Amino acid sequence: LLQTTAAIVPTDWSADGQRIVYSTFGAKTGSDLWLVPREGGEPTPFSVTEAEERNGRLSPDGRWMAYTSSTDTGGGSEIFVKPFPATGISTRWQVSNGGGRQPVWHPGGRTLFYVSPDQKIVSSEVDGSGKVFVAGAARTFADIRVAIWDRANQGSAFAITPAGDRLLVSSATEVTRPITIVLNWT
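An account of the accompanying structure is given in this report. Keep in mind that this is a model prediction, so the values were computed, not measured. (Residues numbered from 1 in each chain as written. Predicted model: local features only at pLDDT ≥ 70, side-chain atom pairs only at ≥ 80, totals over all residues. Heavy atoms only, no water.)

1. A few points about the sheet that holds strand E6 (residues 64-70)
And step 1. Pairing is antiparallel across the open sheet formed by four strands, whose spatial order is E5-E6-E7-E8. If you trace the sheet from one side to the other, it starts and ends with strand E5 (53-58) and strand E8 (93-94), each paired once.
And step 2. Here two bridges tie strand E7 (residues 77-83) to E8, and the two strands are oriented antiparallel to one another. Looking across to E8, one finds that phenylalanine 80 is bridged to glutamine 94. (Pairing = 2+ DSSP bridges. Helix = DSSP H or I, 4+ residues; strand = E, 2+ residues; numbered from the N terminus.)

2. Remarks on the packing of aromatic side chains
And step 1. Taken as a whole, this structure holds six aromatic pairs when the rule is applied.
And step 2. An angle of 85° between the planes, with centres 6.1 Å apart, marks the rings of tryptophan 105 and phenylalanine 133 as edge-to-face. Of this pair, tryptophan 105 sits in strand E9 (residues 101-105) while phenylalanine 133 sits in the loop between strand E11 (121-127) and strand E12 (134-142), placing them 28 residues apart in sequence.
And step 3. For the ring pair phenylalanine 113 and phenylalanine 141, a centre distance of 4.9 Å and an interplane angle of 70° mean the geometry is edge-to-face. Taken together, the residues span a long stretch of sequence, with phenylalanine 113 in strand E10 (residues 111-115) and phenylalanine 141 in strand E12 at a distance of 28 residues.
And step 4. Looking at phenylalanine 113, the relative accessible area reads 3%, which means it is buried.
And step 5. The residue whose ring lies beneath lysine 82 is phenylalanine 46, and the NZ or CZ to ring-centre distance is 5.8 Å.
And step 6. Note that arginine 92 overlies the ring of phenylalanine 80, its terminal NZ or CZ placed 3.7 Å from the centroid. (Phe/Tyr/Trp six-rings, centres within 6.5 Å; stacked < 30°, edge-to-face > 60°. Buried < 20%, exposed > 50% of the residue type's maximum accessible area, 1.4 Å probe, protein only. Lys NZ or Arg CZ within 6 Å of the ring centre and 35° of its normal.)

3. Thoughts on the pattern of salt bridges
And step 1. Tallied over the full model, the rule gives seven salt bridges.
And step 2. For aspartate 16, the salt bridge identified is with arginine 19, shortest N-O distance 3.9 Å.
And step 3. Its relative accessible area of 28% is what places arginine 19 among the partly exposed residues.
And step 4. Among the charged side chains, a network of salt bridges with common partners joins Asp118, Lys120 and Asp143. (Salt bridge = Lys/Arg side-chain N within 4 Å of Asp/Glu carboxyl O.)

Right, dumping it as structure tokens:
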């Protein structure tokens, strides 16, 4: 579908199955969101800015893209939503407050889940039925430590079933390392 020397991380399909969302690294802009047609062809940019955009996920109705982005203030990452397809207008709505990564839509499209900085799954009730996107207050949905995101693992550490009734979570594990003491080593 796409031949490039750049590292790419596919993160979602469009609702109609015609486009694949992926992140790639630009030398001047860092991580950006792009789309490529399923049948191949020229990729199109979705969000190419100096911020780090990744983990693009399309809403079930195909009207919105949720993604992780570094903040303008240089702080951590937050969850943002933009209209889809891209309108050319720089409007975006911030869903998380205090950090967030790896957005995942509930199949009904009325809830957006993501991972908080303390590695818990957080949910926010959302309404994208109008021209503006409205996100409710975030609440801890699952008090479980989710596997940490790193550059080697850019996918989502959790998924929701198509029925929307269960989460599959890659949980973080605490590693206990033994201590070895060598006596009389000289």
